[in-house]
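# Results of the structural survey
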Amino acid sequence: MEPSSTAAGSPGSSRTLIAALVVVAAMACVILLIWMIGKAQIDPYVQATLNLQGTSEHGGQLFRMNCAGCHGIAGQGLLGPKLTDVSSRLGDPALIHQIVSGETPPMPSFQMEPQSMADLLSHLHTLH
Ligand code: HEC
């Protein structure tokens, strides 16, 4: 019996084991990080909006008040680009981002309740 033989007798293999453990731990950290980033990207406002059923009548009112001046009463385009079939080009999260972000002046940033956003989205879906 040589109790110390595994630890001291073969330093090469224990170093390999430690290296393997470090690699596994590093991979676990990377996977955890990717998972956390994925979680963080689901914006709670987008999530809340997508969970709601919109009514296109109210959405149409919001559109005529806030958007039609630039995009046309039927979304045919004026100062802003036409929005006909926009929902076949942009998914709902991208539409929400476009509406709230204010990243593309002169289009302003619009802040509204998730219910109003859901209504507006359902109106945008009807533009053909
Ligand atoms: C002051 C004028 C203006 C107003 C008001 C406005 N927009 Fe815009 N919008 C623009 C312009 C200009 C662009 C193009 C921005 C760019 O891509 O550079 C645009 C782009 C968009 C796009 C992206 C279109 C695409 O094909 O990529 C969407 C969707 C949109 N607007 C929706 C809306 C909605 C919904 C409202 C009302 C809540 C609104 N806009 C109000 C001017 C406006």
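Coordinates for the structure precede this section.
Rules used throughout
- Residues numbered from 1 in each chain as written.
- Predicted model: local features only at pLDDT ≥ 70, side-chain atom pairs only at ≥ 80, totals over all residues.
- Heavy atoms only, no water.
- Donors = N, O, S within 2.8 Å, 3.2 Å for Na, K, Ca; no water.
- Tetrahedral: all angles 85-135°; square planar, octahedral: opposite > 155°, others 65-115°.
- Helix = DSSP H or I, 4+ residues; strand = E, 2+ residues; numbered from the N terminus.
- Axes fitted to C-alpha atoms, helices over the stretch in contact; angles between N-to-C directions.
- Parallel < 35°, antiparallel > 145°, perpendicular 65-115°, else oblique.
- Contact = heavy atoms within 4.5 Å.
- Nonpolar A, V, L, I, M, F, W, Y, C, P; charged D, E, K, R; others polar.
- Left-handed = near helix turned anticlockwise from the far one by under 90°.
- Core = buried A, V, L, I, M, F, W, Y, C linked by side-chain atoms within 4.5 Å.
- Buried < 20%, exposed > 50% of the residue type's maximum accessible area, 1.4 Å probe, protein only.
- Near = heavy atom within 4 Å.
- Polar contact = N/O pair within 3.5 Å; in protein donor to acceptor, adjacent residues only side chain to side chain.

## Remarks on the coordination of the iron atom of the ligand
Taken together, the protein donors to the iron atom of the ligand comprise H71 (NE2) and M107 (SD), at separations of 2.0 to 2.1 Å. Taken together, the six donor atoms surrounding the iron atom of the ligand define angles of 86 to 178 degrees at the centre, an arrangement classified as octahedral. A residue pair is termed long-range when its members are at least 10 positions apart, and H71 in helix α5 (residues 68–71) and M107 in the loop between α7 (92–101) and α8 (114–124) qualify at 36 residues.

## What about unusual backbone geometry?
For the bond running from P105 to P106, omega is 10 degrees, close enough to zero to count as cis. Examined against the element boundaries, P106 turns out to sit in the loop between α7 and α8. A positive phi angle, near 60 degrees, is found at D85, a position not held by glycine. Structurally, D85 is set in the loop between α5 and α6 (86–89).

## Concerning the packing of helix α4 (residues 56–66) against α8
Running from amino to carboxyl end, α4 crosses α8 at an angle of 90 degrees, the nearest separation of the two axes being 7 Å. The angle between α4 and α8 falls in the class roughly perpendicular. Two secondary-structure elements touch here, α4 through S56, H58, G59, G60, L62 and F63 and α8 through S116, D119, L120, S122, H123 and L124. Tallied by class, the residues present in the contact of α4 with α8 amount to four nonpolar, seven polar and one charged.

## A look at the packing of α7 against α8
Here α7 crosses α8 at 115 degrees, and the two axes come no closer than 11 Å. What the angle tells us is that α7 and α8 run roughly perpendicular. Pair α7 / α8 crosses with right-handed handedness. For the pair formed by α7 and α8, the contact residues are D92, L95, I96, I99 and V100 on the first element and M117, L120, L121 and L124 on the second. Looking at the contact of α7 with α8 residue by residue, the class counts come to eight nonpolar, no polar and one charged.

## Points about the nonpolar core
In this structure, F63, I99, L120 and L124 are the most contacted members of the largest nonpolar core, which totals 18 residues. Elements with a contribution of two residues or more to this core: α4, α7 and α8. Not counting the four nearest positions on each side in its chain, L124 is found in contact with F63, L83, V86, S87, L95 and I99.

## Focus on the site of the ligand
Near the ligand there are 19 residues, and of these C67, C70, H71, R89 and M107 occur at the shortest range. At 2.6 Å from an oxygen atom of the ligand is found a side-chain nitrogen or oxygen belonging to R89. The set of elements that each furnish at least two residues to the shell around the ligand consists of α5, α6 and α7. Of all the elements, α7 adds the most residues to the shell around the ligand, at three residues.

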